[in-house]
Amino acid sequence: MVPEAEAQDVLAELQRLRARVPLLSGALAASTDGLVLAHDTPGVEAEGVAALTAAALGVAIRMTEATGRNGFRELLVRGESGYIATYAAGSQAVLTLLAEDRINVGRLHLEGRRAGSRIGELVDQALARAPQPAPVPRPPQQPGALPHRPT
């Protein structure tokens, strides 16, 4: 989704975030459709977390729309052993953080929002520079004919 140089910049941002917030046990940037962009998640399957994040994001977006809150910004889940926080990161990505139970949730939000903003800028700029695939030409159809798959 993003070129290797930008993926390295995203990874560096995740590592700086984990260094600033000691009670973070993992950080992952993913596309909104669940593809891992970069991760620093020791002991956690990043691809699985990215896929679950995409599923949770879909529900969160529907909830914000259904309740008139519009425009997903963040999602916080608390388990017995800690938190999972997901933040919007530009138009095409999300940041998911794994945190210990003792973390200061206000600090988690502050740092997560800042990092999400920076990661969003990196990803959105990379996507704006990426060449767009050329559209595939379709053969003309006879009026009233049903479309068919080429064999």
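Residues numbered from 1 in each chain as written. Predicted model: local features only at pLDDT ≥ 70, side-chain atom pairs only at ≥ 80, totals over all residues. Heavy atoms only, no water.

Caption draft 1: Layout of the nonpolar core. Ranked by internal contacts, the top residues of the largest apolar core, which has 26 residues, are Leu 24, Leu 95, Leu 97, Leu 108 and Ile 119. Among all residues touching Leu 108, those that are not within four sequence positions of it are Leu 24, Leu 76, Tyr 83, Ala 85, Tyr 87, Leu 97, Ala 99 and Ile 103. Counting residues in each nonpolar core, the second largest holds ten residues, with Val 49, Leu 57, Ala 60 and Ala 88 among its members. (Core = buried A, V, L, I, M, F, W, Y, C linked by side-chain atoms within 4.5 Å. Buried < 20%, exposed > 50% of the residue type's maximum accessible area, 1.4 Å probe, protein only. Contact = heavy atoms within 4.5 Å.)

Caption draft 2: Fine view of the confidence of the model for the protein chain. Mean pLDDT over the protein chain: 90, with 88% of residues reaching 70 or higher. Mean pLDDT values over the elements of the protein chain span from 93, in helix α1 (residues 4-20), up to 98, in strand β5 (residues 93-100). (pLDDT = per-residue confidence, 0-100. Helix = DSSP H or I, 4+ residues; strand = E, 2+ residues; numbered from the N terminus.)

Caption draft 3: Structural context of the sheet that holds β5. The strand order β2-β1-β5-β4-β3 describes an open sheet built from five strands, whose pairing is antiparallel. Only two strands of the sheet have a single neighbouring strand rather than two, namely β2 (36-40) and β3 (74-79). The mean inter-strand angle of the sheet, taken between neighbouring strand axes irrespective of direction, is 10 degrees. Sheet analysis places strand β1 (residues 24-31) next to β2, joined by four bridges and oriented antiparallel. The residue of β2 that forms the bridge with Leu 28 is His 39. (Pairing = 2+ DSSP bridges. Axes fitted to C-alpha atoms, helices over the stretch in contact; angles between N-to-C directions.)

Caption draft 4: How the structure looks around the side chain of Asp 40. Its place among the elements puts Asp 40 in strand β2. Note on Asp 40: relative accessible area 18%, which makes it buried. Within the structure, the side chain of Asp 40 is placed 3.0 Å from the side chain of Arg 18, a separation counted as a polar contact. (Polar contact = N/O pair within 3.5 Å; in protein donor to acceptor, adjacent residues only side chain to side chain.)

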